[in-house]
Structures are given as C-alpha cells and as structure tokens.
Amino acid sequence: MPKPLSAIQSYGLAVLAVSVALLAALLLQRYGFRGVEFTVFLLAIVITVWYGRMQAAVFALVLASLVFNYFFTEPLYTLYVTRSELPYYFIFISFASLLAWFTAVRRRVERDLVQSRDELEREIAERTERAGLLDLTHDSICVRDIGNVITFWNRGAEELYGWRAGEVVGKVTTHRLLQTVFPAPLDEINAELLSTGRWEGELEHTKADGGGVVVASRWSLRRDDHGTPVAILETNNDITERNRREHEIRMLNEELGKRAAELEATNKELEAFAYSISHDLRAPLRHMVGFTELLKKNAASLLDGKSQRYVAITLEAAKRMGNLIDDLLAFSRIGRAETRKTTLSLQQLVQEALAEAGQDTGGRKIVWRVGALPAWYGDRSMLRLALVNLVSNAVKFTRTRPQAEIEIACMEQRQDQVVVFIRDNGVGFDMKYVDKLFGVFQRLHTPEAFEGTGIGLATVQRIVHRHGGRVWAEGEVDSGATFYFSLSKPQESDL
C-alpha cells in the first residue's frame, strides 16, 4: 500500500495528472482517436485518489470537468455547456465521482487490511516469542480450550509426560490423555475456576510409558474482551519425589514418636523401680549398719584383729551403699520432679555452690577465679544442685595438687542461650573415655583414689537436658579438665 502524499504533493499530483490526461487526450484526438477523452480523464482522477488525499481528488474532479468542458465539449474553448450536453456532462461528473468514491473506499479497506495484517503479524510474532520463552522453562506448561482440547504443549510437558507436541496439540483432551485423578469432583474444580479465575491442587497423571506422576497443578482462566472464557493455562510441577520423601518423613516421625513414648514409659518404669528398690533397701541397710556398729562396740574385746578389720570393711561398705542409695533416690526424683522456672542469678548460685563445696576443702589452698555470670531463667534448686556437683567434682579431683586452681565463667552468651564452664588443674581424664563421664555409676577412677558413687555427673546432665541444653567435657590426663554446660531460654512469649 503506497504511503499517502502530503497536501501540497496531492494537489500537485492532481494538476499533473489532469495536465497529462489533457495532453494525452489531445494527442489521441489528433491521431484520429475519438471518444477516449472520457476514459483518460477518469484515469487521472483515479490516480489522484489512489496516491493523493481526498480533497485533492475532489480538486482533480473539478479541474478535469472544466478542462473536459473547455477542450472537448461543444462549443469548444469555452466553459459554456449547452442544454443538450448537460446529461453527458452530468454523467461524466457522476461517473468520475462514483469512481473516485469507489477508489477511496477500496484504498481505505486495503489500508485497514494492511493494518490488520501488520497487527496479526505482530501478535503472531509475540505469541511465537512467548511460546519460545515457555519452551525454555523445565516446568510443564500446556494451554487448552474450554473443551479441554490441548492447543499448546511446551518442551517441559514433553519431557515430563513423554508425548511430543505434534502428537497431542489439537487432537486430544488433557484429562483423557493424562488419565487425570482429581482431588475433588471435577464440577467443583471447574466452578472454582470460573468463579475465581484460578485453581491450585495436586493431581495424579499417567505418562506415556504408563508410569504415574504426582504434580502440583495451577490453572489460570483466560477470557476475551467480552468476559467469555476462551482458554485455560495449566502449569504442572512434578512433586512425586517430594511426596514420597514427605511420606517417609511422616512415617519416621510416627515411628520416632512411638519409640519416644515407649522410651519415656520405660524410663518412668525404671525410675519407679529404682526408687522402689532404693527405698526398700534403706531399712535393712540401716539395720545392717546399726548392728555392725553395736557388734564393733560391744564385741571388740572378743574379736581378733582380722575380725575387727572385717567388721570395719562391712561397716564402710554399708555406709557407701547408703550414700549410693541416697544419690540414686535423688537422681530418680530429678527425673520425676516438676521444674519451677523463674528468673535467677547464676552468679549467686555459683557463690552458694562455692560455700557448700568449701565445707569439704579442709583448709586446702584453692585459687578461685569466678567471672561475671548473667541472670537467667530456670529451676533454681535444680541448677544449684548441678553447680554444686560440678564445683565439688573440681574440688575433689584437684586434691592431689599443692595449689588447686578452679575457674568458673561464662564462655558464650546470646539472647536465647548461655554457656558456662568450670575448669580445674586436677588429675584430668583420658578423652577416649569421655562418653562414660555422664553415665550412671560410670567412674574413671577407683573408689580408693577418689570417693563417689558415679551419679553426680549423670545428675548434672539430666538437669541440663531439662533446661534445653547439653553438657560436655574436655580433659587430659594429669592436666586438668573443663566441664561445659549450656542453658536455653524460651522466648518471652513462651514464658
């Protein structure tokens, strides 16, 4: 379609076309061609309409009529029109006007067609570009019409399901092709899609090889300018493996929950059993100690040295067993006791633990280094017992040192956690036995070297665990040991 001329160019074209038409008509007339003037001037008008503006076409019509009248209508070389020539002249003007009008309409129609073609080409190019972009993603994307017939099938859909685009586009519906299993009745899903324009859910599909796949499906409804639904964009992501892992995790959690419940029940039974046995043993043990002391007092003169030694060993063993039972009862009570957590001062608890442990120092030379400790949140009596056990442990295992050095401080403090350590320069321990430190009745030294029942550190661990923390130790033989424990603080909203 030629580009329209400017106004000046259009009028110039009208003058030129009519002039050329006049020259051509005169030449044809000179050489004996008669009756062609009409056609020549119509051609000039058509050329003006086709290439120029409508105003120029009207000007060309008027100019051609005047020239035609002047040169080819009797009387010649005047603008006078006789009555007999009026119909002929009127027909010329009418026919020229009609031809100009038809030409203008055709040009406008062709211009509209060209514009529509350009817009269609742009839309096709845009859709082709979008389709190319959709092919770049690994997500499965398809478009279907309202009858569910597939109209677009990207490369991701080919990779996921195994069908090529040429095998499915325009030939089959998605639900039939994929043998879709819906989580709800299809009518309800379609009603939600029509109402909100969207739908999301999990679907079960069958692939080309017969294998099953679970997808997270998202549908988007497309409407035309009048609001009529015309297409559905469907995006599917393979979540088969994710669902399988989630199922395994749920099963493991259920199994873990069962085992945790069984373990908790077993622990309660063991604690109850230990408490009952320990409580029942205390009475006969007191009798054993009492009668042994009476025997030692009243029959000392009748016993020889070996017999007196046997009595002393029996009395000492009975007392040690009594201490063991007392510790076991205390350990069992911690497991069954309810925690009463409040805000407390760890600094003050350490001072109380030092005062209690200091009763057994017997004038020993001990250098205490106590750092700043924060206020915290926990059960005061339990944390005090844990600190007493750790401080007493440090005092006991530095007994062989001419000068004991014991340090207590905070190693790390955050808003929700604090880590406290107790370090000494005592006999230490071999790290390959570190796992035995916090077990019940586990000891790394003989009773003859260091007294104890092997329950103190187990008690510390149980207390720390009930405060959401953990306890661990580092040591080296004959180079001291360091015991750490962490405490977790719940958020203020949980207090």
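A brief structural summary. (Residues numbered from 1 in each chain as written. Predicted model: local features only at pLDDT ≥ 70, side-chain atom pairs only at ≥ 80, totals over all residues. Heavy atoms only, no water.)

Here's the deal with a nonpolar patch on the surface
- A cluster of nonpolar side chains, namely Val58, Val62, Leu66, Tyr70, Leu76, Tyr77 and Leu79, defines an oily patch on the protein surface of about 630 Å² accessible area.
- Tracing the backbone through its elements, the reader meets Leu76 in the loop between α3 (54-72) and α4 (86-136). (Patch = residues over 30% accessible without salt bridge, like charges linked within 9 Å, V, L, I, M, F, W, Y side chains within 5 Å. Areas by Shrake-Rupley, 256 points an atom, 1.4 Å probe, with all protein chains shown as cover. Salt bridge = Lys/Arg side-chain N within 4 Å of Asp/Glu carboxyl O. Helix = DSSP H or I, 4+ residues; strand = E, 2+ residues; numbered from the N terminus.)

A word on the pattern of salt bridges
- All chains considered together, the criterion is met by 17 salt bridges.
- With a shortest N-O distance of 2.9 Å, Glu234 and Arg144 are connected by a salt bridge. Here Arg144 lies in strand β1 (residues 140-145) and Glu234 lies in strand β5 (residues 229-238), a separation of 90 residues in the sequence. Note on accessibility: Glu234 and Arg144 belong to one class, buried.
- Put simply, Arg384 and Glu352 hold a salt bridge, and the shortest N to O gap is 2.9 Å. One end of the pair, Arg384, is in helix α12 (residues 380-397); the other, Glu352, is in helix α11 (residues 346-357), with 32 residues separating them in the sequence. (Buried < 20%, exposed > 50% of the residue type's maximum accessible area, 1.4 Å probe, protein only.)

Considerations on unusual backbone geometry
- Of note, Asn148 is a non-glycine position whose phi angle comes to about 70°, a positive value.
- Positionally, Asn148 belongs in the loop between β1 and β2 (150-153).
- Residue Asn148 is classed as buried on the basis of its relative accessible area of 17%.
- Residues other than glycine seldom take positive phi values, yet Asp478 does so here, at roughly 65°.
- A residue is classified by how much of its surface remains accessible, and Asp478, at 52% relative accessible area, is exposed.

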